[in-house]
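These are the residues of each chain, in order.
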Amino acid sequence: MGAAMRRIHVGNALSAFGLGFTVPYLYVYVAQVRGLGSVTAGLVLAVFAVAALIVLPFAGRAIVRRGPLPVLLAALVVAAFGALSLGVSGQAATVLPSAALLGAGQAVMQPALATMIVDCSTADTRSRAFATQFFLQNLGLGIGGLIGGHLVDTSSPASFTLLFAIEAAMFLLLVGVLATVRMARAPRVAEAPAGARGSWRQLLGNRAMAQLLVLGFVLFFACYGQFESGLSAYGVAAAGISTSALGTALAANTLAIVVAQFAVLRFVERRKRSRVIAAVGLIWAVAWAVAGYAGLGHGSQSMATAAFISTYALFGLGESLLSPTLVPLVADLAPEGMAGQYNSAFALVKQLALAVGPAVGGPLAAALPGPYVVVFLLFSLLLSVLAVRLGRRLTAVQDRPWLLRASRVVRQGGAPAAESAAPAEA
């Protein structure tokens, strides 16, 4: 990795570390520590999602026009101010705007950092760069949540103020780290080809990208949108999982990602991206089947707990396959100079799915645990079907990026260009 990419990865780790301090405890902080009640706490979580949905369409255009680094620095300052004000807010009138600032800044960070990785990587190195990003994000979130859990005290608002101050400090430290990054000058919208200058209509006119957005919604709705809502509610209500076992399951998910991420990378780099995504759908279908076994009640409680923990570990294995596959594919589908808008569109779909997923999954899991598992098992199988259909829309190099590397090796060996292009048509 070059110096710019190393600093970008440090930035990813710092931002995830800061978010890990506060996100798991936000509901408790608003509802209990500040005494504002569950309704206000629910509104705060909703404001996070709404703020992201509002700013992301504009963030993509700003990244294309101004570049990802200025947009990221502005988002970090906004998020830092939101975190600080949230830590000292004691009334709903100040908590909600503070949450909106933090949510908006956090949402813009994702596509800006992803675009910086695209600009600092090549087709050869992109999968590994995004795998490293995902690894560091999960590591940062896990460590931040672990340390934050030992610092908070629900009887002391000052302990939560300290958490939010640390989060703000992480964002401002990240400003200092990334302000020194020297980015390669990527094309801006004014320099892009005529067909790439444009609009959301042109983006959605890219049939492969439109199908990828649908696939992304299903993916985030059926997996990430269930982690902290429907699946945990199902585990407690149907499988009788204790809160400590639920924490162990979440730790198993992170551990599976940390252990598997680089172990699967070489395997993923030599497989069609569409087939890898389809395989993830099958793995998650197995995970939902194991969750169904945990809730049947035919075995012992220890068996149910082990099955439930295995469910989260299987989800982690699927995530480790997706990280070097999905976001690099978004970048490869984007016309030159438009990676920022494509990344923002994908982040927008992700946020929408994460907003809808808990709203649907939580009540369904509590009321109808059996049908809940069946529904999301079918969604996982649908993910595999969508991935296979997407593969038919992709070019050979988009689906198998190693062909570009192979053709380059042939050229270096002196073969004619026509011969070197032949593998890409196979």
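Residues numbered from 1 in each chain as written. Predicted model: local features only at pLDDT ≥ 70, side-chain atom pairs only at ≥ 80, totals over all residues. Heavy atoms only, no water.

S.K.: What exactly am I supposed to notice about the overall build of the chain here?
M.R.: Across its full length, the chain holds 20 helices and zero strands. By residue count, 50% of the 426 residues in the chain fall in the buried class. For the chain, the proportion of contacts with a sequence separation of at least 24, taken over those separated by at least 6, is 84%. Accessible surface, the chain as shown: approximately 17700 Å² in total, 67% of it carbon and sulfur. (Helix = DSSP H or I, 4+ residues; strand = E, 2+ residues; numbered from the N terminus. Buried < 20%, exposed > 50% of the residue type's maximum accessible area, 1.4 Å probe, protein only. Contact = heavy atoms within 4.5 Å. Areas by Shrake-Rupley, 256 points an atom, 1.4 Å probe, with all protein chains shown as cover.)

S.K.: Sorry, what's going on with the packing of helix α15 (residues 326–333) against helix α16 (residues 339–367) here?
M.R.: Relative placement of two packed helices is described by the angle separating their axes and the distance separating the axes. For the pair α15 and α16, the least separation of the axes is 8 Å and the interaxial angle reads 135 degrees. The pairing of α15 with α16 is recorded here as oblique in orientation. Here α15 runs over α16; the crossing is right-handed. Of α16, the residues touching α15 (which contributes Leu326, Val327, Val330 and Leu333) are Tyr342, Asn343 and Phe346. Within the contact of α15 with α16, the residues separate by chemical class into six nonpolar, one polar and no charged. (Axes fitted to C-alpha atoms, helices over the stretch in contact; angles between N-to-C directions. Parallel < 35°, antiparallel > 145°, perpendicular 65-115°, else oblique. Left-handed = near helix turned anticlockwise from the far one by under 90°. Nonpolar A, V, L, I, M, F, W, Y, C, P; charged D, E, K, R; others polar.)

S.K.: How should the nonpolar core be read in this particular structure?
M.R.: For soluble globular proteins, nonpolar side chains are generally found buried alongside one another. In this structure, Leu178, Leu212, Leu215, Leu231, Trp284 and Phe308 are the most contacted members of the largest nonpolar core, which totals 113 residues. If you tally residues by element for this core, the top one is helix α9 (residues 207–227), at twelve residues. (Core = buried A, V, L, I, M, F, W, Y, C linked by side-chain atoms within 4.5 Å.)

S.K.: I'm lost on the side chain of Ser159 in this one. Help?
M.R.: Here Ser159 is to be found in helix α7 (residues 157–178). Since its relative accessible area comes to 10%, Ser159 is described here as buried.

S.K.: I would appreciate a short explanation of the pattern of salt bridges in the present structure.
M.R.: Close approach of charged atoms lets side chains of opposite charge pair. Across all of its chains, the model carries two salt bridges by this definition. Of the charged contacts, one joins Asp332 and Arg126 as a salt bridge, the two residues approaching to 2.9 Å between their closest N and O atoms. In this pair, Asp332 is assigned in helix α15 and Arg126 in helix α6 (residues 126–151), connecting sequence segments 206 residues apart. The class for Asp332 is partly exposed, based on a relative accessible area of 23%. For Arg126, a relative accessible area of 10% gives the class buried. Of the charged contacts, one joins Arg273 and Asp332 as a salt bridge, the two residues approaching to 2.7 Å between their closest N and O atoms. Of this pair, Arg273 sits in helix α13 (residues 273–296) while Asp332 is found in helix α15, placing the two residues 59 residues apart along the sequence. (Salt bridge = Lys/Arg side-chain N within 4 Å of Asp/Glu carboxyl O.)

S.K.: Is there a simple way to think about the packing of α13 against helix α14 (residues 301–322) in this case?
M.R.: The N-to-C vectors of α13 and α14 enclose an angle of 170 degrees; their axes lie 8 Å apart at closest approach. As far as their axial angle goes, α14 and α13 are roughly antiparallel.

S.K.: Can you help me understand the confidence of the model for the chain in this one?
M.R.: Close inspection of predicted coordinates is inappropriate in any region flagged by low pLDDT. Across the chain, the average pLDDT comes to 81, with 88% of residues at or above 70. Scored below 50 in pLDDT, residues 186–197 shows 24 contacts in the model against residues more than four places distant or in partner chains. In this model residues 408–426 is a low-confidence stretch, pLDDT under 50, and it forms ten contacts with partners more than four residues away in sequence or in other chains. (pLDDT = per-residue confidence, 0-100.)

S.K.: Explain the packing of aromatic side chains to me, please; I cannot follow it from the model alone.
M.R.: Aromatic ring pairs: the centre-centre distance and the angle between the two ring planes describe each pair. Summed over the entire model, instances satisfying the criterion amount to 17 aromatic pairs. Residues Phe217 and Phe221 carry aromatic rings whose centres are separated by 5.9 Å and whose planes lie at 5 degrees to one another, so their mutual orientation is stacked. One end of the pair, Phe217, and the other, Phe221, are both in helix α9, four residues apart, so they sit about a helical turn from each other. Since its relative accessible area comes to 7%, Phe221 is described here as buried. Consider the rings of Trp288 and Tyr372, whose centres lie 5.5 Å apart with planes at 80 degrees: the pair is edge-to-face. (Phe/Tyr/Trp six-rings, centres within 6.5 Å; stacked < 30°, edge-to-face > 60°.)

S.K.: I keep staring at the environment of Arg34 and nothing clicks. Help me out?
M.R.: Examined against the element boundaries, Arg34 turns out to sit in the loop between α2 (26–33) and α3 (37–66). Since its relative accessible area comes to 21%, Arg34 is described here as partly exposed. Taking the C-alpha atoms as reference, Arg34 lies 9.8 Å from Val95; in sequence the two are 61 residues apart. Within polar-contact distance, the side chain of Arg34 engages the backbone oxygen of Ser89 at 3.0 Å. (Polar contact = N/O pair within 3.5 Å; in protein donor to acceptor, adjacent residues only side chain to side chain.)

S.K.: Got a minute to help me understand the environment of Arg389 in this structure?
M.R.: With respect to the helices and strands, the residue Arg389 is situated in helix α17 (residues 369–391). Relative accessible area serves as the criterion here: at 49%, Arg389 is assigned to the partly exposed category. Between the C-alpha atom of Arg389 and that of Ala208, which follows or precedes it by 181 residues, the distance is 9.6 Å.

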